[in-house]
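Take a look at the letters that make up each chain.
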Amino acid sequence: MKTTIFYLFVSAALLISCVEKQAAKTETDCKSTYFDYSNSDDQLTGGIKMIPITTPKGTFNVYTKRVGNNPKMRVLLLHGGPGGTHEQFGNFDGYLPNEEIEYIYYDQLDSYYSDKPNDSTLWTIEHYVEEVEQVRKALNLNKDNFYLLGQSWGGILAMEYALKYQDNLKGLIISNMMASAPAYTKYANEVLGPQMDPEVFKEIMTMEAKNDFNNPRYGKLLMNYYYTEHILRIPLEKWPKSINLLFEHLNPNIYVYMQGHSEFGMTGNASLKNWDVSNRLKEIKVPTLMLGAKYDTKIKVPTLMIGAKYDTMDPKYMQWMATSVQKGRSVTTNGSHCSQFDDPQTYFSGLIKFIKDVNDGEF
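Predicted, not measured: the structure shown is a model, and the values here were computed from it.

Considering the packing of aromatic side chains
Each aromatic ring pair is characterised by the separation of its centres together with the angle its planes make. For the structure on display, the rule yields 20 aromatic pairs. With a centroid separation of 5.2 Å and an interplanar angle of 75°, the aromatic rings of Phe89 and Phe92 are classed as edge-to-face. Given the relative accessible area of 0%, Phe92 is considered buried. With a centroid separation of 5.4 Å and an interplanar angle of 90°, the aromatic rings of Phe354 and Phe363 are classed as edge-to-face. For Phe354, a relative accessible area of 0% gives the class buried. For Phe363, a relative accessible area of 35% gives the class partly exposed. Ring pairs connect the aromatic residues Phe201, Tyr226, Tyr227, Trp239, Phe247 and Phe264, which therefore count as one cluster. One Lys or Arg, Arg233, reaches over the ring of Tyr310 and ends 3.7 Å from the middle of that ring.

What follows is the structure, given as structure tokens:
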């Protein structure tokens, strides 16, 4: 009897041991590899790669930083400005990792973390489209995993890239950008400006007419009466550190050259002043999301358009854009130009759903 009990005890112990080992094995097998950088060429740098970009003026390096690891969902982020930085997307760390979506920060040439040749002949849409293509190749992004997200000026760049290289894309996200600079300028001057205190708007326009853009009063009025309404609807003293760094690190030379001094559209000698691809949107076929205005755009890849109720971009114009996209979807936030910060719930839920729907073939 004792012998029988002994063998039963040993058998039970072995069974428990086997169950525990199997559970441990299952846990190991199911462990996410999202943050596994082992055996990758950017492990030592924590995901950072300085990518060489060949230009007619020489070879220069641009900054990229990969967060996460997902071979099916990889999002390259195009910042605004021109001359801004990847810090514009500073809070993506708080939302995308939990969904195991890989994303890549990237500073364009002449932006803070990249080389700065300071050569205006490189400050063209044509150059930046080819720069993005060189970055894509260096990071091994392709039509099976490559989502391109552009915000503000980055949205211009994303549309232009899609018009030339959409066969490389899995999905396109346009955040807070219209397809026409003249239309944007018209909206800023005829709609947003007059919504301000009349005396404040008059004072701003007077300084602009005198090209008095360096007047501290000009910047103060913009910050207190325009930026907190249409750029980021949070009190200035509560702006996130990454947004403050974006402004601190902005390259004013390239910004003024391409965008112009004024915040009421693109004016003066700005190189983007007459940019307009509104008649070409129908050429874009990838799934597209428009992130940035109250309504929605036509490009062949799946496209998401994110808009915001209080954006500097015209909601009705973006609604018209939506009717032009072959595979489009829109998301409307209750935020402003940086609605990833002042309405992150709507912004990220829409962005994440689009990426996953396209990946799952449900778009």
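Let's talk about the pattern of salt bridges
In this structure the tally under the stated criterion is 14 salt bridges. Asp144 is paired through a salt bridge with Lys143; the nearest N and O atoms lie 3.7 Å apart. A relative accessible area of 48% means that Asp144 is categorised as partly exposed. For Lys186, the salt bridge is made with Glu190, and the minimal N-O distance between the two is 3.0 Å. Remark: Glu190 and Lys186 occur in helix H4 (residues 181-195); sequence separation between them is four residues, near one turn of the helix. Three or more residues are tied together by salt bridges with common partners; here these are Arg329, Lys353 and Asp357.

Considering the environment of Asp36
With respect to the helices and strands, Asp36 occurs in the loop between helix H1 (2-30) and strand E1 (48-55). When its relative accessible area of 36% is taken as the criterion, Asp36 is described as partly exposed. Sequence separation between Asp36 and Asn69 is 33 residues, and the spatial gap between their C-alpha atoms is 7.1 Å. Looking at Asp36, its side chain comes within polar contact range of the side chain of Ser38, at 2.5 Å.

Concerning the side chain of Glu131
Positionally, Glu131 belongs in helix H2 (residues 125-138). Here Glu131 occupies a buried position and makes no salt bridge, while the nearest side chain of opposite charge, Lys116, is found at 12 Å. At 2.8 Å, the side chain of Glu131 forms a polar contact with the side chain of His127. Leave out the neighbours within four places in its chain, and Glu131 touches Ile53, Val62, Tyr106, Gln108 and Leu109.

As for the environment of Tyr225
Structurally, the position occupied by Tyr225 is in helix H6 (residues 216-231). The exposure class of Tyr225 is partly exposed, given its relative accessible area of 41%. Taking C-alpha positions, Tyr225 is 8.2 Å from Asp197, a pair spaced 28 residues apart along the chain. With residues near it in sequence (within four places) discarded, Tyr225 still touches Met196 and Val200.

The rules behind each value
- Residues numbered from 1 in each chain as written.
- Predicted model: local features only at pLDDT ≥ 70, side-chain atom pairs only at ≥ 80, totals over all residues.
- Heavy atoms only, no water.
- Phe/Tyr/Trp six-rings, centres within 6.5 Å; stacked < 30°, edge-to-face > 60°.
- Buried < 20%, exposed > 50% of the residue type's maximum accessible area, 1.4 Å probe, protein only.
- Lys NZ or Arg CZ within 6 Å of the ring centre and 35° of its normal.
- Salt bridge = Lys/Arg side-chain N within 4 Å of Asp/Glu carboxyl O.
- Helix = DSSP H or I, 4+ residues; strand = E, 2+ residues; numbered from the N terminus.
- Polar contact = N/O pair within 3.5 Å; in protein donor to acceptor, adjacent residues only side chain to side chain.
- Lys, Arg positive; Asp, Glu negative; His and termini not counted.
- Contact = heavy atoms within 4.5 Å.

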